Amino acid sequence: MSKTEWITQELDGLKQAGLYNTIRTIESPQGAWLMVDGRRVLNFCSNNYLGLANHPKLVEAAQKAVNQMGVGPAAVRSIAGTMTLHVELEKRLAAFKGVEAAITFQSGFTANLATIPALVGKEDVIFSDRLNHASIIDGCRLSGAKIIAYEHNDVQSLEEQIKANLSQYRRALIVTDGVFSMDGDIAPLPEIYEVARKYEILLMVDDAHGEGVLGKGGRGIVDHFGLHGKVDVEVGTLSKAFGVVGGVVAGNAVIIEWLRQRGRPFLFSSAVTVPDAAACLAAIDLLENSTELVEKLWENARYFKAEMKRLGFDTGVSETPITPVMLGEAPLAQKFSRELFEQGVFAMAIGYPTVPKGKARIRVMISAAHSTDDLDKGLAAFQTVGKKLGVI
Ligand SMILES: *Cc1c(COP(=O)(O)O)cnc(C)c1O
């Protein structure tokens, strides 16, 4: 037997279980409509909440920056120096979020991998929401700290775990997603903050799906709840609503300074490229100048969800533009997605292990880029397929 035979067997197993991930190829820029595998389809998949991924202002800023500064940063910032664009981006992000300081990373994923091990280690404990994102889980594991999961969005469960365990450890960290990406529900951050304050525990929130979506003009979950100065560490991504790529950690100055000294993806991996940084700066300009896109996003989300409910679909517990369409078993969700594609709608099925078994769904991602006419076309397709498959 060859050394890789076990991998072939595992892959076959995934295919048989309907869990093999087939990735479609997109042949156009991101937007309300996409060319996918040769067809023009309505885009209900991407995290391009504000339509910035192909916004003319961001494209122009990236082109201009490339002409002036080239493409790559060419080395790790802490070794070969950091470009003015990256420094400027961190200053602007801190001001936008109303915090003392910010540091950027290559992605939201690496921001979590950098931050958690810098804050806690082997002698410490992490209280982590059971449904936290994979990058938080990996960051927790990398830290070597004891990981104690509390029940999802359950502050009582969090406090019980703290009471039972805190005294056995040197330091502690509470970490939660801000918006949970599969259900679209929001962490009860004010209540979590009260617990963190009571037990004097560092509080970290990953606001990847709240950045550019929640709060005034998209300033995120801390702004949404009016918790300025109370959350120690706010992680965000520049790859979702910001439409580009990159991660950010915002918070008090001493933590950010510490991450510049001890955040391993900062010390051992290069920064985002020149056009990335320039495009992100243009995104901040847009968000600071107008709340129009964020308002349009929410207006679209409210409309789509209300109409889906009226059609008889179960859209779960979402409080954000993330709209899960609950279907139950994974094969049904996959069939639903294929039928939607036939109707010209690109919306992915999500099943185990991304969501629990029996909770498979289609996840619709609403964007400010959608017109009402686009949403109506999507609703009509859902109605057709829903009736055909006996869901409504
Ligand atoms: C998407 C996401 C990330 C990863 O962000 P990238 O910038 O794409 O690496 C991290 N955390 C959460 C909660 C996310 O939803």
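Just above, that's the structure.
Rules behind the numbers
Counting restarts for each chain: residues are numbered from 1 in the order of the written sequence. For a predicted model such as this one, the threshold for reporting local features is a pLDDT of at least 70, and the threshold for listing and counting side-chain atom pairs is 80 or more; totals across whole chains, interfaces and linings nevertheless cover every residue. Just so you know, side-chain values use all the structure's heavy atoms and leave hydrogens and water out. By definition, any uninterrupted DSSP run of H or I lasting at least four residues is a helix, any uninterrupted run of E lasting at least two residues is a strand, and each is numbered from the N terminus. We compute the radius of gyration over the C-alpha atoms and compare it with the globule rule, which gives 2.2 Å times the number of residues raised to the power 0.38. Each residue is placed in one exposure class: buried if its accessible area under a 1.4 Å probe, protein chains only, is under 20% of its type's maximum, exposed if it is over 50%, and partly exposed if it falls in between. By the convention used here, residues are in contact when the closest approach between their heavy atoms is within 4.5 Å. Note that accessible areas follow from Shrake-Rupley with a 1.4 Å probe, and for residues the cover is restricted to the protein chains shown. Counted charges follow a simple rule, with Lys and Arg positive, Asp and Glu negative, and His plus the chain ends left uncounted. For this purpose, a charge sits on NZ of Lys, CZ of Arg, CG of Asp or CD of Glu. Criterion used throughout: strands pair if DSSP finds at least two bridges between them. Only C-alpha atoms enter the line fits that serve as axes; for helices the fit covers just the stretch in contact. Angles between N-to-C directions range over 0 to 180 degrees. A single heavy atom is enough: if one lies within 4 Å of a molecule or strand, its residue is considered near that molecule or strand. Residues adjacent in sequence count toward polar contacts only when both atoms are side-chain atoms; beyond that, a polar contact is any pair of N or O atoms within 3.5 Å, and within protein one must be able to donate a hydrogen and the other to accept it. Centre distance within 6.5 Å is the pairing criterion for rings of Phe, Tyr and Trp, where only the six-membered ring of Trp is used; planes under 30 degrees apart are then read as stacked, over 60 as edge-to-face, and the remainder as tilted. Comment: the charge-over-ring label is applied if NZ (Lys) or CZ (Arg) is within 6 Å of the ring centre and within 35 degrees of the ring normal. Criterion for a salt bridge: a side-chain nitrogen of Lys or Arg within 4 Å of a carboxyl oxygen of Asp or Glu.

**Topic: the overall build of the chain**
Scanning the chain for helices and strands turns up 15 helices and 13 strands. Relative to the compact-globule value of 21 Å for 392 residues, the chain shows a C-alpha radius of gyration of 21 Å, a close match. The C-alpha extent of the chain, read off along each of the three principal axes, is 55 × 55 × 55 Å. Residues classed as buried in the chain amount to 52% of the 392 residues present. The long-range share in the chain, meaning contacts at least 24 apart out of those at least 6 apart in sequence, stands at 71%. Carbon and sulfur atoms make up 52% of the accessible area of the chain, which totals about 17800 Å². Placing the 41 positive and 45 negative side-chain charges of the chain at their respective mean positions leaves the two points 2 Å apart.

**Notes on the sheet that holds strand E2 (residues 39-43)**
In spatial order, the strands read E1-E2-E11; together these 3 strands make up an open sheet with mixed pairing. The strands lining the two open edges of the sheet, one partner per strand, are strand E1 (33-36) and strand E11 (345-346). As defined by bridge partners, E1 adjoins E2 across 4 bridges and the pair is classed as antiparallel. When the bridges of E2 are listed, Leu34 appears paired with Val41. Along the sheet face, helix H15 (residues 372-388) touches E1, E2 and E11 and points at about 100° away from the line of E2.

**Quick look at the site of the ligand**
In the region of the ligand, 13 residues are neighbours, and Gly108, Phe109, Asp206, Thr237 and Lys240 sit closest. One of the backbone nitrogen or oxygen atoms of Gly108 is found 2.7 Å away from an oxygen atom of the ligand. Separating an oxygen atom of the ligand from a backbone N or O atom of Phe109 is a distance of 2.9 Å. Protein contacts shield 86% of the accessible area of the ligand, which totals 380 Å² for the unbound molecule.

**Some thoughts on the sheet that holds strand E8 (residues 233-237)**
Pairing is mixed across the open sheet formed by 7 strands, whose spatial order is E3-E9-E8-E7-E6-E4-E5. Looking along the sheet, the strands with just one partner apiece sit at the ends: strand E3 (101-105) and strand E5 (146-150). Adjacent strand axes in the sheet meet at a mean angle of 20°, parallel and antiparallel pairs treated alike. Pairing of strand E4 (residues 125-129) with strand E6 (residues 172-177) involves 4 bridges; the strand directions are parallel. The residue bridging Phe127 from the neighbouring strand is Ile174, located in E6. Seen against the sheet, helix H5 (residues 108-119) touches E3, E4, E6, strand E7 (202-206), E8 and strand E9 (247-251) and runs at an angle of roughly 160° to E8. Strands in contact with helix H6 (residues 134-143) are E4, E5, E6 and E7; relative to E6, the strand with the most contacts, it is inclined by about 165°.

**Thoughts on the packing of aromatic side chains**
Scanning the model with the defined rule gives 8 aromatic pairs in all. Ring plane angle 35° and centroid distance 5.6 Å describe the contact between Phe336 and Phe382, whose orientation is recorded as tilted. Of this pair, Phe336 sits in helix H14 (residues 330-342) while Phe382 sits in helix H15, and the two are 46 residues apart along the sequence. Taking relative accessible area as the criterion, Phe382 reaches 0% and is therefore assigned buried. With centroids separated by 6.2 Å and ring planes inclined at 75°, the aromatic side chains of Phe341 and Phe346 adopt a geometry described as edge-to-face. Each member of the pair, Phe341 as well as Phe346, is classed as buried. One residue, Arg24, lies across the ring of Phe341, its end atom 3.7 Å from the ring centre.

**Here we look at the side chain of Arg219**
Positionally, Arg219 belongs in the loop between E7 and helix H9 (221-224). The charged side chain of Arg219 is buried without a salt bridge, its nearest counter-charge being Glu288 at 4.9 Å. A distance of 3.0 Å separates a polar atom in the side chain of Arg219 from the backbone oxygen of Lys216. Ignoring sequence-local partners within four residues, the contact set of Arg219 consists of Phe96, Lys97, Glu211, Leu214, Glu234, Leu287 and Glu288.

**Here we look at unusual backbone geometry**
The step from Tyr352 to Pro353 runs through a cis peptide bond, and the omega angle for that step is 5°. Its place among the elements puts Pro353 in the loop between strand E12 (349-350) and strand E13 (360-365). Phi at Ala74 is positive, roughly 70°, even though this residue is not glycine. The exposure class assigned to Ala74 is exposed, which follows from its relative accessible area of 76%. Positive phi, normally seen in glycine, also occurs at Glu200, with a value near 55°. Counting through the fold element by element, Glu200 comes out in the loop between helix H8 (189-198) and E7. Exposure remark for Glu200: the relative accessible area of 74% places this residue in the exposed category.

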